[in-house]
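Each chain, written out:
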Amino acid sequence: MIAGSGGFRKRIVRRDCPQILTHESPLLARLFGARGLVSQDELDLSLKGLENPSTLKGVDQAADILVTALEADASVLIVGDFDADGATSCALMVSVLKAFGASQVNYLVPDRFRYGYGLSTEIVEVAASMNPDLLVTVDNGIASCEGVDYANGLGMEVIVTDHHLPGEVLPAAAAIVNPNQPGCGFPDKHLAGVGVAFYLLSVLRSKLRDSGWFDGREEPSLANWLDLVALGTVADVVPLSQNNRRLIAEGLKRMRAGRARPGIKALMEVSGIDPGSLVTRDLAFSIAPRVNAAGRLQDMSIGIECLLAEGENSTELAQHLDELNGERREIETDMRDQAMQYLTDLSLEDEKAAGLCLFRENWHEGVVGIIAARIKEKSHRPVIAFARVAGDELKGSGRSVQGFHMRDALDAIATRHPGLLKKFGGHAMAAGLSLAAEDLDRFIAAFNEEVLGQLGEAKIEQVVVTDGELDEPVTIQLARLLESAAPWGQGFPEPEFDDKFEILEQRIVGGRHLKMLLQPNLGAPVDAICFNQGGLAESRYVRCAYRIEVNRFRGMEKPQLVVSLIL
């Protein structure tokens, strides 16, 4: 199904939905089967089924070092990252180590605008001024060979915990815990940084228990920190393997029961979220952006302090993060409009594209990743958005599509064009890089060549993948069923359908959003919203791609369609 509007081709592609899973709900059987589940065991999300940490390479050595540090009352410095995964990882490590009895635990997170990402030599110098005995990186460090060498030379022991893909050379750390490092037999390669930290802390607790450390003192339950693990895992958009879904499901359960830490409770409050109905979408699109706003616009320590806070201080910090997120949205809107105009111009010229590289002199370095994600959704092509950071240097943030490994592509470019990239790193679906402004055109050519080789040239178009037509009426019971069926997210996408509707009513709200009353083939009329549509639908009869949500307002609940595409 294809249509063109406003210069863009729009297309719906339906998932293959083999009904090979037995389930009391035929619809859920179809949805789970389309997401690769083949047995009832894969629906079990209890913590008892978590992957055993024994095959996580380096975790025993790292835990032994931490045991020694606690026994010696050594000074431990956690070095974090400036995104929500890094913030939750940092808060988790600091909070749990203190709960275990460590008395000298502090943290340091690089300023995005001064130091950039990872354990750089500049950050090691800052760390050295704090006189730590041990550095522990969270959600970073696997590419920080120079930084680790520098720290070793200054007499600091280093543990690296990370989940990013390593380069050819690993840092000379005392221990490395990363499921993606060579030789690691841990079966789940999709842990977020906060998941890696959680596994290390679980092994540390076992070793402390075996040594008698908790004799005479309370042994904390790590389940008390699963709200942080769930938030960081969802925020980092890692694939939701069964192991990750277990961590998220248990974290959501605790948050819904009112057992979130004060900072997360405060973030839910400023976001207008009812804890009792919390879902992964709330974490991804309401709470995580507020935490991320600190790292994007100011200093991620604000986000970390909110996650660590107790009492009234948590409310003040959450309100500050909410204000920063409002500023971020304003900046993003201007940047997105510029990027969309560029994309429209390309489409109107009927140009095909391999990869898309976007740059404007006035773009904000902390927001280019969001812009890359938005344009990727609209173009269905790999996208890198750049901002000028200082003088001659550009920093880029890339987002990819299925079938194109962004980090490996950057590695291939760096290999073929020595010196072109100053730094790079990341995952399959997201990566960052820096280069000289004068090299941008050369990089664009190299990036297009790489995308062309892997994906081929293609029309710029918006593609929405759906689960096909819905063969039952849209009801509040169905909306609740879909909402509670699973932790939906990356690699385990929220159900989306496509059907024909008659538009009974339509109007623009908020200046750019299309509010509709739709009549489906089955059942009663249903409310619908299409965000950022910009104008009224031209036809009375339309095909819409949509997901079903529970719309909660003033104590009332009713189903609502959130429309992603109108044909």
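Provided above is the structure to which this section pertains.
Please read these numbers as outputs of a predicted model, since none were measured by experiment.

Caption draft 1: Spotlight on the overall build of the protein. If you tally the helices and strands in the protein, you get 16 helices and 20 strands. Relative to a compact globule of 567 residues, whose C-alpha radius of gyration would be 24 Å, the protein shows 24 Å and is just as compact. Principal-axis analysis of the C-alpha atoms places the extent of the protein at approximately 75 × 55 × 45 Å. Considering the protein as a whole, with its 567 residues, one finds that 54% of them fall into the buried category. Counted over contacts in the protein with a minimum sequence separation of 6, partners at least 24 positions apart contribute 67%.

Caption draft 2: Quick look at the nonpolar core. In terms of nonpolar packing, the biggest core is built from 136 residues, with Ile 78, Leu 92, Leu 97 and Ile 548 touching the most fellow members. Among all residues touching Ile 78, those that are not within four sequence positions of it are Cys 90, Met 93, Val 94, Leu 97, Val 105, Asn 106, Tyr 107, Leu 108, Val 136 and Val 138. Leu 410, Ala 431, Leu 433 and Leu 435 belong to the second-largest nonpolar core, a separate cluster that totals 22 residues.

Caption draft 3: Fine view of the pairing of strand E16 (residues 497-509). Relative to strand E19 (residues 541-553), E16 is paired through six bridges, and the arrangement is antiparallel. Paired with Phe 497 across the two strands is Tyr 546, which belongs to E19. What sits between E16 and strand E17 (residues 513-519) in their antiparallel hairpin is a turn of three residues, with Gly 510 showing a positive phi close to 65 degrees.

Caption draft 4: Quick peek at the sheet that holds strand E18 (residues 526-530). Spatially, the five strands close up into a barrel ordered E16-E17-E18-E20-E19, and their pairing is mixed. On average, adjacent strands in this sheet sit at an angle of 45 degrees to one another, irrespective of strand direction. Of the pairings in the sheet, the one linking E19 to strand E20 (residues 556-566) comprises ten bridges and is antiparallel in character. Looking at the pairing, Arg 552 lines up with Glu 557 of E20. Across the face of the sheet, helix H16 (residues 476-484) comes into contact with E16, E19 and E20 while running at roughly 80 degrees to E19.

Caption draft 5: Highlighting the layout of surface pockets. Within this model, the second largest pocket holds a volume of roughly 260 Å³. What lines the second largest pocket is a set of 13 residues, among which Leu 50, Phe 198, Ser 202, Arg 205 and Leu 222 lie closest to the centre. Residues belonging to the lining of the second largest pocket are distributed by class as follows: eight nonpolar, three polar and two charged.

Caption draft 6: Main features of the pairing of strand E6 (residues 157-161). For E6, a buried count of four out of five residues is recorded, marking the element as mostly surrounded by other parts of the structure. Bridge count for strand E5 (residues 134-138) against E6 is five bridges, and the pairing is parallel. Following the sheet pairing, Thr 137 is matched in E6 by Val 160. The parallel pair E5 and E6, bridged by helix H5 (residues 145-153), forms a crossover whose chirality is right-handed. Direction of pairing for E6 relative to strand E7 (residues 175-177): parallel, over a ladder of three bridges. Residue pairing across strands places Val 160 opposite Ile 176, the latter belonging to E7.

Caption draft 7: Spotlight on helix H13 (residues 368-379). In this model H13 runs 16 Å from its N-terminal to its C-terminal C-alpha over twelve residues, within 8% of the 16 Å that 1.5 Å per residue would give. Within H13, the full set of buried residues consists of Val 368, Gly 369, Ile 370, Ile 371, Ala 372, Ala 373, Ile 375 and Ser 379. Two residues or fewer past H13, His 380 is found with a positive phi of approximately 60 degrees.

Caption draft 8: A negative patch on the surface, seen in detail. On the surface, a cluster of negative charge is made up of Glu 323, Glu 327, Glu 330 and Asp 334. On the secondary structure map, Glu 327 appears in helix H12 (residues 312-348).

Caption draft 9: Examining the environment of Val 76 more closely. Along the chain, Val 76 falls in strand E3 (residues 76-79). Using a relative accessible area of 2% as the deciding quantity, one classes Val 76 as buried. Between the alpha carbons of Val 76 and Ala 485 there is a distance of 41 Å; along the sequence they are 409 residues apart. Setting aside residues no more than four positions away along its own chain, Val 76 makes contact with Ala 69, Leu 97, Gln 104, Val 105, Asn 106, Leu 134 and Val 136.

About the criteria used
- Residues numbered from 1 in each chain as written.
- Predicted model: local features only at pLDDT ≥ 70, side-chain atom pairs only at ≥ 80, totals over all residues.
- Heavy atoms only, no water.
- Helix = DSSP H or I, 4+ residues; strand = E, 2+ residues; numbered from the N terminus.
- Rg over C-alpha atoms; globule rule 2.2 N^0.38 Å.
- Buried < 20%, exposed > 50% of the residue type's maximum accessible area, 1.4 Å probe, protein only.
- Contact = heavy atoms within 4.5 Å.
- Core = buried A, V, L, I, M, F, W, Y, C linked by side-chain atoms within 4.5 Å.
- Pairing = 2+ DSSP bridges.
- Axes fitted to C-alpha atoms, helices over the stretch in contact; angles between N-to-C directions.
- 1 Å grid on protein atoms, 1.4 Å probe; cavity = no way out; pocket = protein on both sides within 12 Å on 5 of 7 lines; lining within 4 Å.
- Points joined across faces, edges and corners; volume = space filled by probe spheres on them.
- Nonpolar A, V, L, I, M, F, W, Y, C, P; charged D, E, K, R; others polar.
- Right-handed = clockwise from strand over helix to strand, strands pointing away.
- Expected span 1.5 Å × (residues − 1).
- Patch = residues over 30% accessible without salt bridge, like charges linked within 9 Å, V, L, I, M, F, W, Y side chains within 5 Å.
- Areas by Shrake-Rupley, 256 points an atom, 1.4 Å probe, with all protein chains shown as cover.
- Salt bridge = Lys/Arg side-chain N within 4 Å of Asp/Glu carboxyl O.
- Lys, Arg positive; Asp, Glu negative; His and termini not counted.
- Charge placed at Lys NZ, Arg CZ, Asp CG, Glu CD.

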